[in-house]
Amino acid sequence: LVFTEITDLNLSSEMTEIKTPTKRRVENVTAPPERRRRIQRPSSQDNDNLLEVNINDDCNDSDLTQTKGFSVGALIGMRLVDFQVAVDSTYKFDSSLNMILGSNGSGKSTIITAIFLLFKGRIADLDRKHYQDFVRHGCDRAVISAQLQGMSMLKQPNPKLTMVIPTNGGSNRNVEPIWYLNGKLLENNEVDDFINQYHIQVNNLCQFLPQHRVSAFSNESKQQRLLSTEEAVGYDGMLADHKKLSKVGNDLVILQSDISELEKSKSHFENSKNELEERVTAMERAASDRNREILLSHVESLVAKAAYDDRKSIVEASLTEAKTNLQKFDQDYAKYIDAIK
């Protein structure tokens, strides 16, 4: 369901509908009271009426499980009571393009704001702190009620979601609004479940873009818009799949970075290994040279010892021979002395 606001168009106040090749409904909020779709304002005691979206009798399809031409979750009709400038206004929407026409202050943005708040838009995005700021001055509460296109598989009447903003006489500015579904009081989590069931995302600028948030939309990055678009129109789980894929991509980048660091470490260790191998080779070469020197020195010592041993043997043999000759001389000398005697 597409909405747009148009200001300062010189259109007749009698205009209520435009026919083009595609039928489009135009709600002129500046039309005289007798020409607007309005119903009698209920009293503050009429709780049941406040929870209903009673569009004109000629187009009341609140009991239908399907409304021709509307997508599931589309707005069929809406009612605002004592909400901002709306006293008690009822609107019926077309299934295609809906244009809200009117001059400044006529209530165009009131309709958009009501849709935003009904489906739990962030109040801070409207530059307000309290829901009570949206209640028309002098009223004890405001009511926003909308009828949506239901799901045919449920075979139930089209759902009616209602939001009541109480003021409590202004004694407590922090009072939270109350939601009803088909007249039944809802807890906060039940409201969230209902909104999520119909895939309504008024806080997603790619699905719901009010005029006051165009600047925020223009400041979004391409990545943010892609994620928001996937969340707005993608299949169930598409955003989760994208995030998983993104995580896998990030993990891959981290893994590639780790591999690069490991390759650098490997290269560093290989260089260190080569340096160590060169040092070992040099040490082995030095050790080999040293061993050769030691071996040569040992051989020289052995050669010198062998020469010494040879000389010693010769000397010992000569000494033995000398001793033998001396003994023989002593014997001969003794014989000579005896002969003399």
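Here is what the cut-offs are and how they apply
All residue numbers refer to position in the chain's written sequence, counted from 1. Only residues with pLDDT of at least 70 get local features here, since the model is predicted, and only at 80 or more are side-chain atom pairs given and counted; chain-wide, interface and lining totals rely on the full set of residues. Hydrogens are left out, water is left out, and the side-chain values use all remaining heavy atoms of the structure. UniProt positions are given in the numbering used here, feature names are shortened, and annotations may be inferred rather than shown by experiment. In these notes, a set of buried Ala, Val, Leu, Ile, Met, Phe, Trp, Tyr and Cys residues joined through side-chain atoms within 4.5 Å is what counts as a nonpolar core. Exposure is judged per residue with a 1.4 Å probe applied to protein chains only, and the accessible area is read against the type maximum: over 50% gives exposed, under 20% gives buried, and values in between give partly exposed. Put simply, DSSP marks the helices as runs of H or I at least four residues long and the strands as runs of E at least two long, and each gets a number from the N terminus on. In this description, contact between two residues means that some pair of their heavy atoms is separated by no more than 4.5 Å. Put simply, two rings from Phe, Tyr or Trp (the six-membered ring, in Trp's case) pair if the centres are within 6.5 Å, and we call them stacked under 30 degrees between planes, edge-to-face over 60, tilted for the rest. Throughout this description, the term charge over a ring refers to an Arg CZ or Lys NZ atom that lies within 6 Å of the ring centre and within 35 degrees of the ring normal. If DSSP finds at least two bridges between two strands, the strands pair. To define axes, lines are fitted to C-alpha atoms, for helices over the stretch in contact only, and angles between the resulting N-to-C directions are given on a 0 to 180 degree scale. When residues are grouped by polarity, Ala, Val, Leu, Ile, Met, Phe, Trp, Tyr, Cys and Pro land in nonpolar, Asp, Glu, Lys and Arg in charged, and all others, Gly among them, in polar.

Taking an unreviewed UniProt entry as the reference, the chain is identified by name as Structural maintenance of chromosomes protein 5 belonging to Lucilia cuprina. Recorded under Sequence similarities (unreviewed entry), the UniProt text for the chain is reproduced unchanged: "Belongs to the SMC family. SMC5 subfamily."

Draft legend 1. View of the nonpolar core. The biggest cluster of nonpolar side chains holds 40 residues, and the ones touching the most others in it are Leu80, Phe83, Leu117, Phe119 and Ile144. Counting only elements with at least two residues in this core, the list comes to strand S4 (75-83), strand S5 (86-92), helix H2 (108-118), strand S7 (141-148), strand S8 (160-166), strand S9 (178-181) and helix H3 (188-197). The element contributing the most residues to this core is H2, with 7 residues. When sequence neighbours within four positions are dropped, the list of residues in contact with Phe119 reads Leu75, Leu148, Leu161, Ile195, Ile200 and Val202.

Draft legend 2. Broad picture of the packing of aromatic side chains. Considering all chains together, one arrives at 4 aromatic pairs under this definition. With 6.0 Å between their ring centres and 10 degrees between their planes, Phe83 and Phe134 make a pair best called stacked. Linking Phe83 in strand S4 with Phe134 in the loop between H2 and S7, this pair joins segments that are 51 residues apart in sequence. This pair shows no difference in class: Phe83 is buried, exactly as Phe134 is. Where Phe194 meets Tyr198, the ring centres are 5.0 Å apart and the plane angle is 55 degrees; that geometry is what we call tilted. By relative accessible area, Phe194 is classed as buried at 5%. Taking the ring centre of Trp179 as reference, the NZ or CZ of Lys120 above it sits at 5.4 Å. When the ring centre of Phe134 is taken as origin, the NZ or CZ atom of Arg128, which lies over that ring, is 4.8 Å away.

Draft legend 3. Here's a closer look at the sheet that holds S7. The strand order S5-S4-S7-S8-S9-S10 describes an open sheet built from 6 strands, whose pairing is antiparallel. Each having just a single partner strand, S5 and strand S10 (184-186) make up the two edges of the open sheet. Strand-to-strand twist in this sheet, taken as the mean axis angle between neighbours without regard to direction, amounts to 15 degrees. Summarising the sheet, S7 and S8 pair through 7 bridges and their orientation is antiparallel. Paired with Ile144 across the bridge in S8 is Met163. Sheet strands touched by H2: S4, S5, S7, S8 and S9. Its angle to S4, the strand with the most contacts, is close to 100 degrees.

Draft legend 4. Expanded view of the packing of helix H5 (residues 222-233) against helix H6 (residues 238-340). Relative to each other, H5 and H6 sit at 145 degrees, their axes nearing to 8 Å. Within the contact between the two elements, H5 uses Leu226, Leu227, Glu230 and Glu231 and H6 uses Met238, Leu239 and His242. Among the residues making up the contact of H5 with H6, the classes are represented as 4 nonpolar, 1 polar and 2 charged.

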